[in-house]
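An overview of the molecular structure
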There are 8 protein chains.
Amino acid sequence: MDETSLGLNLDRHRERRTGQAEAVYAPGKTPEQVAVATGELVRHASGAVFVTHATRGQFDAVGEVVPGAVFDELSGLIVAKRAEPGAAAGSVAIVAAGTSDLPVAEEAAQAAEALGLAVDRIVDVGVAGIHRVIEHRDRIEAAGCVVVVAGMEGALPSVVAGLTSRPVIAVPTSVGYGAAFEGLAALLAMLSSCAPGIAVVNIDNGFGAALAAHRILRVAARTRER
Amino acid sequence: MDETSLGLNLDRHRERRTGQAEAVYAPGKTPEQVAVATGELVRHASGAVFVTHATRGQFDAVGEVVPGAVFDELSGLIVAKRAEPGAAAGSVAIVAAGTSDLPVAEEAAQAAEALGLAVDRIVDVGVAGIHRVIEHRDRIEAAGCVVVVAGMEGALPSVVAGLTSRPVIAVPTSVGYGAAFEGLAALLAMLSSCAPGIAVVNIDNGFGAALAAHRILRVAARTRER
Amino acid sequence: MDETSLGLNLDRHRERRTGQAEAVYAPGKTPEQVAVATGELVRHASGAVFVTHATRGQFDAVGEVVPGAVFDELSGLIVAKRAEPGAAAGSVAIVAAGTSDLPVAEEAAQAAEALGLAVDRIVDVGVAGIHRVIEHRDRIEAAGCVVVVAGMEGALPSVVAGLTSRPVIAVPTSVGYGAAFEGLAALLAMLSSCAPGIAVVNIDNGFGAALAAHRILRVAARTRER
Amino acid sequence: MDETSLGLNLDRHRERRTGQAEAVYAPGKTPEQVAVATGELVRHASGAVFVTHATRGQFDAVGEVVPGAVFDELSGLIVAKRAEPGAAAGSVAIVAAGTSDLPVAEEAAQAAEALGLAVDRIVDVGVAGIHRVIEHRDRIEAAGCVVVVAGMEGALPSVVAGLTSRPVIAVPTSVGYGAAFEGLAALLAMLSSCAPGIAVVNIDNGFGAALAAHRILRVAARTRER
Amino acid sequence: MDETSLGLNLDRHRERRTGQAEAVYAPGKTPEQVAVATGELVRHASGAVFVTHATRGQFDAVGEVVPGAVFDELSGLIVAKRAEPGAAAGSVAIVAAGTSDLPVAEEAAQAAEALGLAVDRIVDVGVAGIHRVIEHRDRIEAAGCVVVVAGMEGALPSVVAGLTSRPVIAVPTSVGYGAAFEGLAALLAMLSSCAPGIAVVNIDNGFGAALAAHRILRVAARTRER
Amino acid sequence: MDETSLGLNLDRHRERRTGQAEAVYAPGKTPEQVAVATGELVRHASGAVFVTHATRGQFDAVGEVVPGAVFDELSGLIVAKRAEPGAAAGSVAIVAAGTSDLPVAEEAAQAAEALGLAVDRIVDVGVAGIHRVIEHRDRIEAAGCVVVVAGMEGALPSVVAGLTSRPVIAVPTSVGYGAAFEGLAALLAMLSSCAPGIAVVNIDNGFGAALAAHRILRVAARTRER
Amino acid sequence: MDETSLGLNLDRHRERRTGQAEAVYAPGKTPEQVAVATGELVRHASGAVFVTHATRGQFDAVGEVVPGAVFDELSGLIVAKRAEPGAAAGSVAIVAAGTSDLPVAEEAAQAAEALGLAVDRIVDVGVAGIHRVIEHRDRIEAAGCVVVVAGMEGALPSVVAGLTSRPVIAVPTSVGYGAAFEGLAALLAMLSSCAPGIAVVNIDNGFGAALAAHRILRVAARTRER
Amino acid sequence: MDETSLGLNLDRHRERRTGQAEAVYAPGKTPEQVAVATGELVRHASGAVFVTHATRGQFDAVGEVVPGAVFDELSGLIVAKRAEPGAAAGSVAIVAAGTSDLPVAEEAAQAAEALGLAVDRIVDVGVAGIHRVIEHRDRIEAAGCVVVVAGMEGALPSVVAGLTSRPVIAVPTSVGYGAAFEGLAALLAMLSSCAPGIAVVNIDNGFGAALAAHRILRVAARTRER
């Protein structure tokens, strides 16, 4: 079946306008819809192409259309196409509060790498052992941008933003139970941070954090190119 | 008017059962009701007697019945009677994240002092400048119990609980705006803390934290007496 | 695989700072991650080591690394290491409103026992038959600290706090339906208690209540030692 | 101005159908609208007529049309007409947890009395001093119906329902702060009560509780008449 | 195992105090706990004994201890013992808005019948076809008490309360989707009803409505007996 | 000052695209901003021009620029320009549940009239006296479209939609207290209505309902013109 | 079994009053209840008959009673009877923001077609590629009414309402995760739209949107017939 | 009084660590506390110093200590010290949906200018007149970073992010009423945006958006300097 009969209307110029090709949000789509959309986007994109929140079945369908596609089962991220080598637009430090936050942190890391960013992973540095994040202060400052991933009380971004001059993108996760309310506690905490200048993305949205980092680092990259 | 006709039915034996006299919650009561209740409780209590969330008008009425009563305008706390000198049951560190949290921290501090506790005030040590709380680690550990007061993202109790072995009572405050939702963000964050063992009281409830600390420290005090 | 490659960064000094080793929060971690983390913590800790909210599969992995580990299937608590005998730091009364609250009460009780506390279990004493809790008043007062576990309307901590002079830690549970909203009704009720001095932990967080009790009772224990 | 031009369309037969005349909800109405509506209802009703949540200004307008109307400033209840003497349909016990709940309890009591019910007021018997309500058990059982008014954690109805065989109508009040969320904590607690058979009305709705009690007691009254 | 070792502490005098034996809330209990508790209550009760929200497995365990127990699979209600014949305390009309509300309405009906009440079922009379409820006005008025069960917008109790003089107990159900929020829309609507005098029980709590009706109708029954 | 320096960027072609000129939302704007915007829109519009939620001060400023502007103090609606006579696009019935809902109903009615619609006002027909709305069934059916305004439990639209074949636009109002939650109860109820086909606007948004009715009735009007 | 014994009380005159036969809401009903209700409604209706949110099992039961019934598995819509050919009452444009919104858009489209409306499907035109909706402006304006279906941030209706003069019915969908809160974000956004005149139906309620469109377009159709 | 006795503990090294001096959050502080804190920070900072959410009274106190301080009455922002001339770190486009959003947009703009950024203001370009934002596409792309300010449905950031390659910081505002819930609708919408890569700050937090933009643009600025 072709694109229109499948209920697809791809935004082929998104990459030209925004520097990032349209991403395919997989939930609610058939494997065929996901695969056709991804195949078309890969054909037209010059940079990275992603499918988010995919299932194994949707990935299998994509794999037939885009042979080199890679799947991260924990986050559901499919990297269907990577930025060309040498496109490195900068580096991002991805800081995760706990090991349970790794699926979200990995979604961010793998998306960032596919976008051509260098990634420095700093994990399991929750605020109850605050020295763990302090001792990585220089690594964080060395990156062009920081993504901080945390569930439960979501306190880590406030601490990090007080330690570095870098842009801080905070990702609340749904890790926790009870009053964590599926990430709401972390989300509200990050939005209410006493450290001004933190910008927040949706709960569990590692992918969105990577794209925000990419937009940020390209500003510097273009400056460099001039 | 007498107690019954004023709609009062005081629990005169509360102090004997719990070690703490009944407190008068002022909102919704007439100045006369507050004053009569407070006067009666002062007459029967051997230890401290409090009125909470009082207005200046209610305090004026209390002052006529209980001449030595003291009023903290910012928190609305009236100390109508203090524990006897020498009754010191231990010491509490009261740690406040920001200067804006002081009214709540002071409610806790003044209630604790009236209960006979020694208070060590450590203020304006928010997590965006994390060294400020770390450098007071010994003062915190020196106290028998810690009350941590914080609004906005409410992250400070998690950091403190990771630094000390002392019981940590967390008080969320309504400091903040927008997604802080009048203290809800801080409350949920404290309840969801990655540092297990934190116990939380109501938003802006410095008074309750002081009473919890008093209960905790008396366990040790009685042990000492034996 | 080693610790770092598994995304672990254990806080080995947590026990030295806080008297309680880092606990492993199992959800979102692979069995291997849980097992390696637990094994490392057991090796370094002098006192109790816990895993919370674990599945049977995660326990099986832990069991291979830490042979004596014990699993409570209802609450998901793994006791990987116990405090040394003779380390008794005091006693805690664990009061549960209903039989349905037992899994949470048992999480608290088993964690407390592993920490070296003596536990007195008082169960099924909900407020609709209020004499049941009143008749246990002396047992409650005899403990150094009280943990009160209740779902539905969460009224029991208010009643208990009015009967005893002991520190009261309230644990709301998700027992109930409809307007109980998975423990929210009990949580809000406990935070809003008319009995000042109650401190509250997260919904279903029996483990956190045990750790709070342990911190409280050590204050007295150290006093005793002097 | 006449009724229609004032935007009024009174339900004159309500009393015939339900035994209770239409009540005038004052907020959002002009004093003139309130006065004309009340005057008309008084003219047609054989029993009690009420205005709820009225302001002093609205009462003044009513007073000119219905000279004997009585105003309770705290609750805003206007009793514009009372049931005829001898219409006593039974008795209701109105139990209030705290003195701060009195405005709501009085709205219930005065409405009940105007409807011809005998009222027994039992106030300031909160659950932190549980003996206070237990010692009134016989008075409660002696009434035909019980209205229990409580704010904060809203625990009193559960205790009362476990002590009496009488119908229990629970009224949550907005007394409290922080996590009491303007009466939400008490409302959810009462709806989630472990004591089945409690029926709940809106927050601060003493008036509705009185009308529910009146409906309940008339069932018995009619039985008696046969 | 005996009662205590199973974590049970039955309130055997509940029936004497309240006229209704303690009910067993099944969720979170083992089949053995449910069965032992039910058997004990049946042995001591003179009237009806219930288990609520039970599973088939829990019922099977009860069936071995109480042979005549009856199970309503849709609502999970077990009637373990019925009131004695001739104990009829009155009649209740159970009015359900839609056929989808039947499981909740049946829980109410079967509990009421087991308590000795006569039940008149009036179903599928939602407000979008308002004549359906109006035409049953006389049947409703003929009962001593009305239970109105409705999900979605929960409008039916307001209409019914305007048609009858009988006590109205409203039961919101979780029928609906989206903004119905699992019964929250119906619950808030019923609490906010423009028809004063409606009393509301928890979402899906047909059982509680039956017990409330039983309390109400016994007031009249006792009057009759005199 | 001119438009740009005042932070205005009017959408002068809105009316050409949508048939309705841009409306000025007054809150947060200075009187000067409101007046300049309104003046410009009046100059360019061929049909009605509105300002919503205005204060008296903002109206005074508008009045200097647009002499014939009319102000409805209760709703804050300013009609700055009316549709030309003879532009009648149809008729709308505006049905309000209670007299307290009149400010919102009048905002709808006055906006509809300014747009050239004929308005039939049917007020104070709440569902507790359901005959009141049934007896107006023919008037409702005679209109081309129905706007139903209701606060509290918001039940009226469900009843009306079951009585008429006309499009039903439901407007929840903030009339009520407690669990009405400022209109939330009515909003959720209307969205969850058992009568499919009801479309809902924002709480208290009588203006939006009028504009929706205008869009609906123009479909028919244009059909007529052909 | 007959209708009454199945707990059914069909509103056979609904179609005569409202122009739309009663719809069967399937959840909570047995297959037999759904089938008998549908069969009866098909027998009495002159126009379309629907079952909503049905399962495959419920459809199978309907299929035995109504052989020509058609099932849309994704939305659960059963079209049991269609409007007669030639009954075309107008045309509706159904605009969906994303391919993931298709199940809801198709529920709307298939219901609209069964009601005799012509449907123009415009899909995958989300606001991040805003040209996609702008370029379909004429198709939208050519329809008599627009249904706009969108999840996530629910922005599309605001854009569409600014481009067309047609009535706009907005359908929020539960597409999204985290802060989308199962459609709540889209629902609140649509209700708060800066484009006045948008009317909103329940989350995922494509069926209700179709019925609203049908009511709207019949106003014009009847005008035409005159 | 000195700093400590006022409850202040300034983080003088914040600027060295993060490139931005500590900001003073004014609510809950006395004028003296605000003034002393601001004076100290001005003395130690090399760059900009801010007070947020200040009142006129607090500004007056600051003015005595820091003569050149400037106050924006609408947002409460005090610029106590500006970055040195020539420190221009880049340019930011500040895009506001409506004129009512100007106070928040101005807080962002004035903070950005004080930090040395060039600001391009693009206001009143809401999505109901979507051409207004499209026609400014080049101005937006010309900036290094975009701040998008919107209340009500908060749709503008999604549209902007689809038009530009620049980093997009979204600021929800509390403009709106009813279901806008004081900015919650806009906040949830922005977090749920279909345009990945948007980062969000707190409701009405124009100041935080400016600081985030400053962090972002300095990455490029430093790159330039090399």
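Residues numbered from 1 in each chain as written. Chains lettered and ligands numbered in written order. Predicted model: local features only at pLDDT ≥ 70, side-chain atom pairs only at ≥ 80, totals over all residues. Heavy atoms only, no water.

1. Section: the interface of chain H and chain A
Rules: Contact between two residues is taken to exist if any of their heavy atoms lie within 4.5 Å; hydrogens are not considered. Buried area: the accessible surface (1.4 Å probe) lost by two parts on joining, summed over both. Any Lys or Arg side-chain nitrogen found within 4 Å of a carboxyl oxygen on Asp or Glu counts as a salt bridge. Two N or O atoms count as a polar contact when they lie within 3.5 Å, although within protein this holds only if one can serve as hydrogen donor and the other as acceptor, and sequence-adjacent residues are included solely when both atoms are side-chain atoms. In this description a helix means any DSSP run of H or I spanning at least four residues, a strand means any run of E spanning at least two, and both kinds are numbered starting from the N terminus. Nonpolar residues are Ala, Val, Leu, Ile, Met, Phe, Trp, Tyr, Cys and Pro. Charged residues are Asp, Glu, Lys and Arg, and all others, Gly as well, are polar.
At the junction of the two partners, chain H supplies 39 residues and chain A supplies 38 residues. Of all residues in chain H, the largest losses of buried area upon contact with chain A belong to Arg17, Leu191 and Arg215 of chain H, amounting jointly to 19% of the total for that side. Our enumeration of links across chain H and chain A arrives at 0 salt bridges. Between chain H and chain A we count 13 residue pairs in polar contact (both at pLDDT 80 or more) in total. Put simply, the parts of the chain that give the side of chain H that touches chain A at least two residues each are α1 (14-18), α6 (137-142), α8 (184-191), β9 (198-200) and α9 (206-225) of chain H. Residue contributions to the side of chain H that touches chain A peak at 13 residues, all from α9 of chain H. For the side of chain H that touches chain A, a count of residues per class yields 18 nonpolar, 12 polar and 9 charged.

2. Examining the sheet that holds strand β1 (residues 24-25) of chain E
All names here are of chain E. Rules: Each pair of strands is called paired provided DSSP finds at least two bridges between the two strands. Axis lines are fitted to C-alpha atoms, over the contacting stretch for helices. Their N-to-C directions set the angle, which ranges from 0 to 180 degrees.
Here we have 4 strands laid out as an open sheet, ordered β1-β2-β4-β3, and mixed in their pairing. Every interior strand has two partners, whereas the edge strands, β1 and β3 (70-72), have only one. In this sheet, strand β4 (residues 77-81) lies alongside strand β2 (residues 49-52) in antiparallel orientation, the contact comprising 3 bridges. Looking at the pairing, Val51 lines up with Ile78 of β4. Sheet strands in contact with helix α2 (residues 31-44) are β1, β2 and β4, and its direction is about 160° off that of β2. Its contacts with the sheet put helix α4 (residues 102-114) on β2, β3 and β4, and the angle it makes with β4 is roughly 5°.

3. With respect to the packing of aromatic side chains
Aromatic ring pairs: the centre-centre distance and the angle between the two ring planes describe each pair. What counts here: Only Phe, Tyr and Trp rings are paired, with Trp represented by its six-membered ring, and only when their centres lie within 6.5 Å; those with planes under 30 degrees apart are stacked, over 60 edge-to-face, the remainder tilted. Any residue under 20% of the maximum accessible area for its type is buried, any over 50% is exposed, and the rest in between are partly exposed; the area is computed with a 1.4 Å probe on protein chains only.
Applying the stated criterion across every chain, the model contains 24 aromatic pairs over all chains. With centroids separated by 4.9 Å and ring planes inclined at 10°, the aromatic side chains of Phe59 of chain C and Phe71 of chain C adopt a geometry described as stacked. A residue pair is termed long-range when its members are at least 10 positions apart, and Phe59 of chain C in helix α3 (residues 56-65) and Phe71 of chain C in strand β3 (residues 70-72) qualify at 12 residues. A ring pair is formed by Tyr25 of chain F and Tyr177 of chain H, whose centres lie 6.3 Å apart and whose planes are at 15°; its orientation type is stacked. Taken as a pair, Tyr25 of chain F in strand β1 (residues 24-25) and Tyr177 of chain H in the loop between β8 (168-172) and α8 lie in two separate chains rather than in one. Here Tyr25 of chain F falls in the buried class, since its relative accessible area comes to 13%.

4. Describing the relation of the copies chain F and chain E
Just so we agree on the cut-off: Copy-to-copy alignment: least squares on C-alpha atoms, limited to residues at pLDDT 70 or above in both.
Mapping chain F onto chain E is achieved by rotating through 180° and translating by 0.0 Å along the same axis, at an RMSD of 0.0 Å. Taken together, the turn and the small shift mark the pair as related by a two-fold rotation axis. Within chain F, the C-alpha atom positioned nearest to the axis of rotation is that of Ala155 of chain F, 2.6 Å from it. Interface residue correspondence from chain F to chain E reaches 100%, placing this contact among same-surface, isologous pairings.

5. Let's talk about the pairing of strand β5 (residues 91-96) of chain F
Residues and elements named next belong to chain F. Within β5, 5 of the 6 residues are buried, which leaves it mostly tucked inside the rest of the structure. Two elements, β5 and strand β7 (residues 145-150), share 5 bridges in a ladder whose sense is parallel. Residue Ala93 lies in a different strand from β7, and its bridge partner there is Val146.

Honestly, it's all geometry; don't read function into it.
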